[in-house]
Amino acid sequence: AWLRDVAAVSAHHIEKQIAPLRLPMWAVLQILSENQNLVVRGLCLFWLLVLGGVLRPGHLQRSRLVKLWTKSLEGLCAANKTRTDGKRRAFGWRAPRFSILNTDLGALAYEFRARAGSISANYFLPDTAPSGSGLAALSWQDKPMGQGKIKKLTDKIMMAVGIPLDNI
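Residues numbered from 1 in each chain as written. Predicted model: local features only at pLDDT ≥ 70, side-chain atom pairs only at ≥ 80, totals over all residues. Heavy atoms only, no water.

(A) Geometry of the packing of helix H3 (residues 38-52) against helix H6 (residues 147-160). At a closest axis distance of 10 Å, the pairing of H3 and H6 adopts a crossing angle of 110 degrees. Of the possible angle classes, the one that applies to H3 and H6 is roughly perpendicular. Side by side, H3 and H6 meet where Val 39, Val 40, Leu 43, Phe 46 and Trp 47 of the first sit next to Ile 150, Leu 153, Thr 154 and Ile 157 of the second. Split by residue class, the contact of H3 with H6 holds eight nonpolar, one polar and no charged. (Axes fitted to C-alpha atoms, helices over the stretch in contact; angles between N-to-C directions. Helix = DSSP H or I, 4+ residues; strand = E, 2+ residues; numbered from the N terminus. Parallel < 35°, antiparallel > 145°, perpendicular 65-115°, else oblique. Contact = heavy atoms within 4.5 Å. Nonpolar A, V, L, I, M, F, W, Y, C, P; charged D, E, K, R; others polar.)

(B) Representation of the environment of Ser 72 in the model. As for its position among the elements, Ser 72 is in strand S2 (residues 72-77). Measuring from C-alpha to C-alpha, the distance between Ser 72 and Phe 98 comes to 7.5 Å, with 26 residues separating the pair along the chain. For Ser 72, the residues in contact, after removing those within four places along its chain, are Lys 67, Arg 94, Ala 95, Pro 96 and Arg 97.

(C) Representation of the sheet that holds strand S5 (residues 91-96) in the model. The three strands lie next to each other as S1-S2-S5, forming an open sheet whose pairing is antiparallel. The open sheet has two free edges, formed respectively by strand S1 (63-68) and S5, since each of these has just one partner strand. For this sheet, the mean inter-axis angle between neighbouring strands, taken without regard to orientation, is 30 degrees. Across five bridges, the pairing between S1 and S2 is antiparallel. Note that in S2 the partner of Leu 68 across the bridge is Leu 73. Packing against the sheet, helix H5 (residues 105-115) makes contact with S1 and S2, and its axis sits at approximately 130 degrees to S1. (Pairing = 2+ DSSP bridges.)

Structure, rendered in structure tokens:
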């Protein structure tokens, strides 16, 4: 009974669709993907690949880069949740290699992974080190960054460049 009540949706609840990302915000992410701060660069590349590959953030975070094609970047998302009859399968994905401002996001993504020391890891964005350093991180840990931290650091970046969080 408790589970049924928790899962129930209020009769007064009205679903509303989230507003699509505006083109200027996409351009801001692309410009920041070339930032000198490697954490800023990684976070912006993360969101651009989520958008370009039409992926869930959790799927990109469980992915490794496989190949850089002429016009696209290919990745492989590792399997995750188990099912009753076994594991879910891994799946491949592709994202456009070039951004809306014609920057080579594929090359930037590979360069970021090499500099972050996670080129062979089964996740895209490593966690920052030392722990709690945020955007001022000096190195990377050997584990993936959590989704809550990705959101928090992305909010910090947007506030630092003067973009109100309700415009994202």
